[in-house]
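# Examining the three-dimensional arrangement
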Amino acid sequence: SDEACQERIVAARTKLGSEAVILCHHYQRADVYRHADLTGDSLKLARLAAQTDARYIVFCGVHFMAEVADILSKPQQVAILPDLSAGCSMADMADLPKVTRAWRELGEVLGDDPEQTYTPVTYINSAADLKAFCGQHGGIVCTSTNAPQIVDWALKERPKLLFFPDQHLGRWTGYKRGIALEKMKVWDPDLPYGGLTPEAIRDAEILLWKGHCSVHQMFTPQQIDRWKAKYPDGFVIAHPECSLEVCLKSDYVGSTEFIQKTIREAPRGTKWLVGTELNLVSRLAEEMAAEEKVVHFMGGVVCMCSTMQRIDPQHLAWTLANLANGVVVNRIQVPESVAHWARVALDRMLAVG
Ligand code: 13P
Ligand code: SF4
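All values derive from a computational prediction rather than experimental measurement. (Residues numbered from 1 in each chain as written. Chains lettered and ligands numbered in written order. Predicted model: local features only at pLDDT ≥ 70, side-chain atom pairs only at ≥ 80, totals over all residues.)

### Some thoughts on the overall build of the protein
Helix and strand counts for the protein stand at 15 helices and 13 strands. Taken over C-alpha atoms, the radius of gyration comes to 21 Å for the protein, in line with the 20 Å a tight globule of 353 residues would show. With respect to the three principal axes, the spread of C-alpha positions in the protein is 65 × 55 × 30 Å. Within the protein, the proportion of its 353 residues that are buried is 48%. Relative to all contacts within the protein whose residues are 6 or more apart in sequence, the contacts with residues 24 or more apart total 67%. (Helix = DSSP H or I, 4+ residues; strand = E, 2+ residues; numbered from the N terminus. Rg over C-alpha atoms; globule rule 2.2 N^0.38 Å. Buried ≥ 20, exposed ≤ 12 C-beta atoms within 10 Å, placed from the backbone. Contact = placed C-beta atoms within 7 Å.)

Here's what the structure looks like:
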């Protein structure tokens, strides 16, 4: 039963003591999130993974997050993902063969090494080998929190950016940095030369990989308009993975940690419409009811991250029970040849601040 499962988690944790730390992303379901030692957005969790001394880092989140934990932790530490099928569909939209091909095609158009002109920037929602590609080519990783500073850094290095895999985060960040919308072009990895003419490529300052988050692309400006008509004094807050149109209509745009902090610290009685994953919004709605704050979900339909949802109490109990018996299951281990260059790109990001 559910209750027995919760008890098994608690029992295994007690046995493990400080040997294991449970890191939870804000999108984790409530019956898992309650077991978190530490919570955060991608950036905060990456920093926490780099700082912990626990032997086992049990990551309740998605695959790329556990990879980052493995890359940034010490060699003797073990990163674990309770369900190996918890991926990120956006991260899967930019694979290394397609990125390598794009890089070669850019070189052909320029008649030069693209590294002279472009800084490759990958959102942390990407596979370790893509982070390694960025590390090897003078590039960097960014998250939803630090994207503006990272884009500034990247544009100081070289005049242009190749940004992947999320076109929306790239476009919003470029826009906030004063890059004209027509200077940002979408690179479709399924077409030769991204589906762009050589002139279009040369004219663009930022090439935006054609990737997106299937959860955040469901939110629309019409949902905001309808809500604002009902609650004219309410505030709209959205994640930068939403479309530009949604971000433009929002009062605040930021990471999951930022969304949580902003709503928690808002005055009593305020009303909020939130454009991000349902688990986080439901938790905030429940928590904020005590302060008479109204927290509504932007989606007309239920938008959940199905892969985040795969980490359930059953998988967590099974993982912890094995660890408590000295058996390591579902380890995420990035080969050192990849981890080395991915770490270069991640360390550049952490140094920017
Ligand atoms: P945050 O870094 O803002 O938590 O975002 C991660 C993510 O996957 C959002 O969809
Ligand atoms: Fe990936 Fe979107 Fe899920 Fe975030 S919400 S982990 S970007 S699929």
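### Focus on the UniProt feature "binding site: iminosuccinate" (unreviewed entry) in the protein
Summarizing the sequence annotation, UniProt attributes the feature "binding site: iminosuccinate" (unreviewed entry) to His25, Ser42, Tyr123, Ile124, Asn125, Ser144, His239, Pro240, Glu241 and Thr256 in the numbering used throughout. Along the chain, the position of serine 42 falls in helix H3 (residues 42-51). Taking the number of C-beta atoms within 10 Å as the measure of exposure, serine 42 has 26 and is therefore buried. Not counting chain neighbours up to four residues away, the residues in contact with serine 42 comprise Met65, Ile124 and Thr143. Tracing the backbone through its elements, the reader meets serine 144 in the loop between strand E6 (140-142) and helix H7 (147-157). Looking at serine 144, the number of C-beta atoms within 10 Å reads 25, which means it is buried. (UniProt positions renumbered as here; feature names shortened; annotations may be inferred.)

### Looking at the domain arrangement of the protein
Per the domain assignment, the segments of the protein are domain 1 (2-87 + 308-334), domain 2 (91-213) and domain 3 (216-297). The straight-line distance from the C-alpha centre of domain 1 to that of domain 3 is 28 Å. Contact with domain 1, which involves 8 residues of that partner, is made by 8 residues of domain 3. Of the residues belonging to the side of domain 1 that touches domain 3, the class tally is 2 nonpolar, 3 polar and 3 charged. (Domains from an automatic or database assignment. Nonpolar A, V, L, I, M, F, W, Y, C, P; charged D, E, K, R; others polar.)

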